[in-house]
Amino acid sequence: MKLTDQQYDAFKEIVNIAVGQAADVLSMMIEKKINITVPTINLLVRDDLIALLSDNCGSQAIGVSIAYDGVLAGKATLFFSNKEGKSLVARLLSVHQEEDWSQEWVAPSLENENSYSFSDSDKEAISEIGNMLINALLGSVSNMVDSNFTYQIPELSENIDFSQEFAKVPPNKVAFVIETNFSDDTGDIKGYLFMLFDIDNHLTNFITMLDKLCADNS
Amino acid sequence: MDFLLVDDSGLALNMLRSKIKIFYPDASFQFAKNGREGVDLFSNFHGLGKKFDLIFLDQLMPKMDGIDCAKEILSQDPSSYIIMVTSNIQVSMQEEAKDTGILHFINKPATEEKLKVAFGAWKSFLNEQA
């Protein structure tokens, strides 16, 4: 599948705005400036996708995914390496600590980087961050193309091994992958947001959507 | 002041509570982690002859979502003032919430500024009803 230059340009603009919304939400949550890389859009087969994710998150990661359906369907996922996930939780706790909340929430220990256990409250916090960022991303896309998505409840996965995660996907299946990295100024908090489009059944809708957006703004 | 907060995230509940306390330090809170629990808490409170001053609902929750929760609450007491606090920023979502009878919509995270606007709208609503 090949997009025209105009379609690709429209797609990039949608993605740029959506990722900016997601970064804004994260910045509000952790009360720090968030830097984002320019999102890239690629068509990838399974093994390339596994290599890409492993390069960015290491061999083990924690992630939040939301399956969505509508004019496009697929899964959007926010990944952190385990270490960076722990840094994020620690930052959230320091920003939003309240007496009664801190009693319920045991802060993660950052002393031992090899200890990658997350408490239930850590996982709840990471799920909520994932929920907010992915919704900002998808919601922004939805509003720009004037089409509604339905979402599933966010799912949290721990100790993700990407080879196993995608083992059931056929090797030659192609998916659209939007990826961006974000981090705070210190680099302690980093994450990897990517959106996987299942284009098999939605290609026509997708192209129509881009053409309409181009026509509306020509 | 009695507030009902409904959200499946402990983080979101506590963030919201701490921000509300800036405006209403003496407020009382009840918490539910899904829409079904929210309806139950509302019904129990209502059964005691009491009324929540404000109800904050998340949209996407297990067991019962915020829209259905709002419908059940409003069927019991149409004068309930419900604010939806959600990550779902789709315009279509806001329209559905409005059609349901939800009177204010906040995109997460619920910041002090957003709550200030929401409380202002609520007070205007109360003045109009008086």
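Asker: Which residues make up the overall build of chain B, and what values do they have?
Answerer: For chain B, the count of helices and strands is 5 helices and 5 strands. The N-to-C order of helical and strand elements in chain B reads β-α-β-α-β-α-β-α-β-α. Taken over C-alpha atoms, the radius of gyration comes to 13 Å for chain B, in line with the 14 Å a tight globule of 130 residues would show. Projecting the C-alpha coordinates of chain B onto the three principal axes gives extents of approximately 35 × 30 × 30 Å. A buried classification covers 42% of the 130 residues belonging to chain B. Restricting the contact set of chain B to residue pairs at least 6 apart, pairs at least 24 apart contribute 67%.

Asker: Outline the interface of chain B and chain A, listing residues and values.
Answerer: Taken together, the contacts link 18 residues of chain B with 24 residues of chain A. Sorting the residues of the side of chain B that touches chain A by element identifies α1 (10–23) and α4 (91–100) of chain B as the ones contributing at least two each. Of the residues forming the side of chain B that touches chain A, the biggest block, 6 residues, is contributed by α1(B). Partitioned by chemical class, the residues of the side of chain B that touches chain A number 8 nonpolar, 9 polar and 1 charged.

Asker: Can you explain the environment of B:G101? Please cite residues and give values.
Answerer: All names here are of chain B. With respect to the helices and strands, G101 occurs in the loop between α4 and β5 (104–107). G101 sits 18 residues away from I83 along the chain, and the two C-alpha atoms are 9.8 Å apart. When neighbours within four sequence positions are excluded, G101 is seen to be in contact with A70 and L74.

Asker: I'd like to hear about the pairing of strand β3 (residues 61–69) of chain A, residue by residue, with values.
Answerer: All names here are of chain A. In terms of burial, β3 is a largely internal element, 7 of the 9 residues being buried. As paired elements, β3 and strand β4 (residues 74–81) share 8 bridges and run antiparallel to each other. Residue pairing across strands places A61 opposite S81, the latter belonging to β4. Between the end of β3 and the start of β4, which pair antiparallel, lie 4 residues, with G70 showing a positive phi angle near 155 degrees. Here β3 runs beside strand β6 (residues 155–157); their pairing, made up of 3 bridges, is antiparallel. Bridging across to β6, G63 finds its partner in S157. In terms of strand pairing, β3 meets strand β5 (residues 150–151) through 2 bridges, oriented antiparallel. Its bridge partner being in β5, D69 is matched across the sheet by T150.

Asker: Outline the packing of helix α2 (residues 35–47) of chain B against helix α3 (residues 66–76) of chain B, listing residues and values.
Answerer: The angle between the axes and the distance between the axes are what describe a pair of packed helices. Residue and element names in this part refer to chain B. Between α2 and α3, the shortest axis-to-axis distance is 9 Å and the interhelical angle comes to 15 degrees. Between α2 and α3, the angle falls in the class roughly parallel. Classified by chirality, the crossing of α3 by α2 is right-handed. In contact with G35, G38, V39, F42, S43 and H46 of α2, α3 contributes G66, D68, C69, E72, I73 and Q76.

Asker: Now, about the environment of A:V45: what can you tell me, with residues and values included?
Answerer: All names here are of chain A. As for its position among the elements, V45 is in the loop between β2 (40–44) and α2 (46–57). Using a count of 14 C-beta atoms within 10 Å as the deciding quantity, one classes V45 as partly exposed. Distance in space between the C-alpha atoms of V45 and V177 is 9.8 Å, their sequence separation being 132 residues. Beyond its immediate chain neighbours, meaning those up to four positions away, V45 contacts P171, N172, K173 and V174.

Asker: Before we move on, can you summarise α2(A) with the specific residues and values?
Answerer: Helical geometry: 3.6 residues make up each α-helical turn, so side chains three or four residues apart lie on a common side. All names here are of chain A. The terminal C-alpha atoms of α2 lie 16 Å apart, and with 12 residues this matches the ideal 16 Å at 1.5 Å per residue to within 8%. Residues of α2 that are buried include every one of L49, L53 and C57, and no others. Buried residues of α2, seen end-on, are gathered within an arc of 40 degrees and therefore sit on one face of the element. Note on α2: the residue one or two positions beyond its end, G58, has a positive phi of about 80 degrees.

Asker: An account of the sheet that holds strand β3 (residues 54–57) of chain B is needed here, citing residue identities and associated values.
Answerer: In sheet architecture, strand pairing relies on hydrogen bonds along the backbone and comes in two forms, parallel and antiparallel. Residues and elements named next belong to chain B. Spatial strand order, β2-β1-β3-β4-β5: 5 strands in an open sheet with parallel pairing. The open sheet has two free edges, formed respectively by β2 (28–32) and β5, since each of these has just one partner strand. Across the sheet, the mean angle from the axis of one strand to that of its neighbour is 20 degrees, orientation sign disregarded. Where strand β1 (residues 2–6) and β3 come together, 4 bridges link them in parallel fashion.

Asker: Which residues make up the confidence of the model for chain B, and what are the values?
Answerer: Residues and elements named next belong to chain B. Counting all residues, the mean pLDDT for chain B is 93, and 100% of those residues have values of 70 or more. The least confident element of chain B is α1, whose mean pLDDT is 89; the most confident is β3, at 98. Interface confidence for the predicted complex, given as ipTM, is 0.73, next to a pTM of 0.79.

Asker: Lay out the packing of α3(B) against α4(B) in plain terms, naming residues and giving numbers.
Answerer: All names here are of chain B. Two numbers describe how α3 lies on α4: the axes approach to 10 Å, and their chain directions differ by 10 degrees. On the basis of the axis angle, α3 is roughly parallel to α4. Contacts between α3 and α4 pair I67, A70 and K71 from the former with E96, A97 and T100 from the latter. Looking at side-chain class alone, the contact of α3 with α4 contains 3 nonpolar, 1 polar and 2 charged residues.

What counts as what
- Residues numbered from 1 in each chain as written.
- Chains lettered and ligands numbered in written order.
- Predicted model: local features only at pLDDT ≥ 70, side-chain atom pairs only at ≥ 80, totals over all residues.
- Helix = DSSP H or I, 4+ residues; strand = E, 2+ residues; numbered from the N terminus.
- Rg over C-alpha atoms; globule rule 2.2 N^0.38 Å.
- Buried ≥ 20, exposed ≤ 12 C-beta atoms within 10 Å, placed from the backbone.
- Contact = placed C-beta atoms within 7 Å.
- Nonpolar A, V, L, I, M, F, W, Y, C, P; charged D, E, K, R; others polar.
- Pairing = 2+ DSSP bridges.
- Axes fitted to C-alpha atoms, helices over the stretch in contact; angles between N-to-C directions.
- Parallel < 35°, antiparallel > 145°, perpendicular 65-115°, else oblique.
- Left-handed = near helix turned anticlockwise from the far one by under 90°.
- Expected span 1.5 Å × (residues − 1).
- Arc of directions from axis to C-beta.
- pLDDT = per-residue confidence, 0-100.

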